[in-house]
Amino acid sequence: MKKLIIGIASGAVLTMTTGVLATSPTVQVILFPTTINIHKENSTVTLGNNYEVLNYNNSVYIPLRAFSESMGSTVKYTAPTEEILPQIDVYTAPQSWRSTFLGAGNQFGSPLFIRLFSAYLPESDSVGFHAQIHNTGKDYVMLEPFKLQIDIAKVGEQRQLVWSTEVSSTGPDLGTSIGDVIPGADSHNYWGLRSPIIYWDKKDSNGKPVSSGQYQIQIKPVTIEYNKVGQQDGMTQKIEPDMHTQFIVVIP
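As the structure is a computational prediction, the values presented were derived from the model and not from experiment.

1. Quick word on the packing of aromatic side chains
Consideration 1: All chains considered together, the criterion is met by five aromatic pairs.
Consideration 2: Residues Trp200 and Tyr215 carry aromatic rings whose centres are separated by 5.7 Å and whose planes lie at 55° to one another, so their mutual orientation is tilted. Of this pair, Trp200 sits in strand β17 (residues 198-200) while Tyr215 sits in strand β18 (residues 213-219); the two residues are 15 residues apart in sequence, bridging distant segments of the chain.

2. A short note on the pairing of strand β11 (residues 127-135)
Consideration 1: Among the nine residues in β11, nine count as buried, and that is most of the element.
Consideration 2: Here β11 shows two buried faces, one formed by Val127, Phe129, Ala131, Ile133 and Asn135 and the other by Gly128, His130, Gln132 and His134.
Consideration 3: Here strand β10 (residues 112-119) runs beside β11; their pairing, made up of eight bridges, is antiparallel. Bridging across to β11, Ile114 finds its partner in Ile133.
Consideration 4: As paired elements, β11 and β17 share three bridges and run antiparallel to each other. In the strand pairing of β17, Phe129 is matched with Ile198.
Consideration 5: Across three bridges, the pairing between β11 and strand β16 (residues 189-194) is antiparallel. Paired with Ile133 across the bridge in β16 is Leu193.

3. So, the confidence of the model for the protein
Consideration 1: Overall, the prediction assigns the protein a mean pLDDT of 79, with 81% of residues at 70 or greater.
Consideration 2: Highest mean pLDDT in the protein belongs to β18 (96); lowest belongs to strand β1 (residues 2-7) (50).
Consideration 3: Long-range and interchain partners of residues 6-21, a stretch whose pLDDT sits below 50, account for 33 contacts in this model, where long-range means more than four residues apart.
Consideration 4: Below a pLDDT of 50 lies the segment residues 172-179, which in the model reaches eleven contacts outside its immediate sequence neighbourhood of four places, other chains included.

4. Some details on the sheet that holds β18
Consideration 1: In space, the four strands of this open sheet follow the order β14-β13-β18-β21, with antiparallel pairing throughout. Either end of the sheet is taken by a strand with one partner, and the two such strands are β14 (160-168) and β21 (246-251). Averaged over all pairs of adjacent strands, the angle between strand axes in this sheet comes to 20°, irrespective of strand direction.

5. Regarding the side chain of His130
Consideration 1: Within the fold, His130 resides in strand β11.
Consideration 2: Excluding residues within four positions of it along the chain, His130 makes contact with Arg115, Leu116, Phe117, Ser118, Ala119, Arg194, Ser195, Pro196 and Ile197.

6. Details of a nonpolar patch on the surface
Consideration 1: A cluster of nonpolar residues, Tyr140, Met142 and Val229, forms a patch on the protein surface that exposes about 300 Å² of accessible area.
Consideration 2: Along the chain, Met142 turns up in strand β12 (residues 141-143).
Consideration 3: On the accessibility criterion, Met142 (41% relative accessible area) is partly exposed.

7. Structural notes on the pattern of salt bridges
Consideration 1: By the definition in use, this model includes three salt bridges.
Consideration 2: Here Asp139 makes a salt bridge to Lys228, at a shortest N to O gap of 3.7 Å. Residue Asp139 is found in the loop between β11 and β12, and its partner Lys228 is found in strand β19 (residues 222-228); the two are separated by 89 residues along the sequence.
Consideration 3: Exposure remark for Asp139: the relative accessible area of 38% places this residue in the partly exposed category.
Consideration 4: Residue Glu240 is joined to Lys238 by a salt bridge in which the shortest nitrogen-to-oxygen separation is 3.5 Å.
Consideration 5: Residue classification places Lys238 among the exposed positions, given a relative accessible area of 53%.

Reading guide: rules and limits
Residues numbered from 1 in each chain as written. Predicted model: local features only at pLDDT ≥ 70, side-chain atom pairs only at ≥ 80, totals over all residues. Heavy atoms only, no water. Phe/Tyr/Trp six-rings, centres within 6.5 Å; stacked < 30°, edge-to-face > 60°. Helix = DSSP H or I, 4+ residues; strand = E, 2+ residues; numbered from the N terminus. Buried < 20%, exposed > 50% of the residue type's maximum accessible area, 1.4 Å probe, protein only. Pairing = 2+ DSSP bridges. pLDDT = per-residue confidence, 0-100. Contact = heavy atoms within 4.5 Å. Axes fitted to C-alpha atoms, helices over the stretch in contact; angles between N-to-C directions. Patch = residues over 30% accessible without salt bridge, like charges linked within 9 Å, V, L, I, M, F, W, Y side chains within 5 Å. Areas by Shrake-Rupley, 256 points an atom, 1.4 Å probe, with all protein chains shown as cover. Salt bridge = Lys/Arg side-chain N within 4 Å of Asp/Glu carboxyl O.

Here's what the structure looks like:
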């Protein structure tokens, strides 16, 4: 650990990429590298070991964007002007799985299939994505608790894993009777559940920014346990990677 003299704009104490105000008070803080673990239900997200944490007056200050996005929120920074101070907006995101549907068409698995979708994040520099699990059968199915592992690897002659995370199933949505039960498909829709948005800040598992290039985001093979509603015997289905469980992002 080491002491550091820094200028902090009034009211902005969590690290962001900001402009420098003309007049900033100077404070003395203790600077020390650390590993930050975010525990969300049955999974843990590690921000990496190269983030600098500040200790000022026995209070710890950590990077706001990295922390918020690992919790499923979006951060927007508005630069200061001559008339207003910098503005930081944090937009929280739902953490539970939500009921959803896709238009009926070609089946990708029976009775369950999983798809991985990119998420549009206009207020963030991170890459966002979410998973969906759908029921193509006619019977209602009840899913046992499950966990999806999602890996990010650089595309090249040798596939290089740079980051991975997990997303676990959750209980019922507030205000609804639907938890991990998926209605049967009809002639128009495949019903399913959608995960919370997962954020990748374009850094590797050690917290270092990745180099430019193409990166593949993919769900690893997973076995889902389920029951058809009204039947006692449990069933399983292994879902293998295919074109629907992955997509490519380009880091300039």
